[in-house]
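The residues making up each chain are set out below.
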Amino acid sequence: MRIRIGEFRYNAAELADITALTVIRMRSKEQARRLVSHPVEAASFSPAGVWRVRRKVVDHMAGQRIVFEGIATITGDTFVEQGEVVADGCALPAVRRYRLQRSGSATEVFFSDGRPFATFGELPSQRVEHHCGDDLYAGRFLFIRPDFWVEFWRVRGPRKRYISLTRFERVPDDALSTASR
């Protein structure tokens, strides 16, 4: 079933993405908390584990929509995402890796070559920025539940202009043990 809003039609997953974007764009933590029933408290959230990942990218310069689906594995010091990216009907394998380092109550994220990327605190809703040459990556992270979080990026620069929305859903331990049999 698709729901029409204005000139666009959406399925349930797309509506969930729109809702997440609405929450992400909220200016205050209180506005976000009113929409999110149980925001993750710092003490209750541990990113370590395996996550199902779905990313949608709208590239305004290339006029493309890109989808990534895969698995992210997060340990105490690494983040590895593996899956398949589909653009213009062409599917390709994709991998991205980051190094993680705890620093007090924050987690610092580094590219695999050691360059700094971003730093995250313990709040359920966070904004981050990363400059890559002349391009600015403005990110928003919303930790909705211990088993679900969303990442939104708006990227602008002379060579890039896109938005991306990624949903992370924790893969339950029992699903992992069943899959490994």
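Residues numbered from 1 in each chain as written. Predicted model: local features only at pLDDT ≥ 70, side-chain atom pairs only at ≥ 80, totals over all residues. Heavy atoms only, no water.

## A few points about the pairing of strand β11 (residues 148-156)
- Of all nine residues that make up β11, seven are buried, and the element is covered over most of its length.
- Of the strand pairs in this sheet, strand β10 (residues 135-145) and β11 are connected by nine bridges, and their pairing is antiparallel. Within β11, the residue paired with F143 across the bridge is W149.
- What sits between β10 and β11 in their antiparallel hairpin is a turn of two residues.
- Pairing analysis gives nine bridges linking β11 to strand β12 (residues 161-170), with the strands arranged antiparallel. Bridging across to β12, V155 finds its partner in Y162.
- Where β11 folds back onto β12 in an antiparallel hairpin, the turn is made up of four residues. (Buried < 20%, exposed > 50% of the residue type's maximum accessible area, 1.4 Å probe, protein only. Helix = DSSP H or I, 4+ residues; strand = E, 2+ residues; numbered from the N terminus. Pairing = 2+ DSSP bridges.)

## Here's the deal with the sheet that holds strand β5 (residues 78-87)
- The sheet built from 10 strands is open, its strands ordered β8-β7-β6-β5-β4-β3-β12-β11-β10-β9 with antiparallel pairing. Looking at which strands have only one partner, the edges of the open sheet turn out to be β8 (116-120) and β9 (125-132). Taken pair by pair, the neighbouring strands of this sheet meet at an average axis angle of 20°, ignoring direction.
- As paired elements, strand β6 (residues 90-103) and strand β7 (residues 106-111) share six bridges and run antiparallel to each other. Counted as the bridge partner of R99 is F110 from β7. (Axes fitted to C-alpha atoms, helices over the stretch in contact; angles between N-to-C directions.)

## Quick word on the pattern of salt bridges
- Scanning the entire structure with this criterion turns up 10 salt bridges.
- Linking D147 and R145 is a salt bridge whose minimum nitrogen-to-oxygen distance equals 3.0 Å.
- Its relative accessible area of 36% is what places D147 among the partly exposed residues.
- With a shortest N-O distance of 3.7 Å, E169 and R167 are connected by a salt bridge.
- Here the residues in one salt-bridge network are R55, E81, R96 and E151, joined through shared partners. (Salt bridge = Lys/Arg side-chain N within 4 Å of Asp/Glu carboxyl O.)

Purely geometric numbers; function is a separate question.
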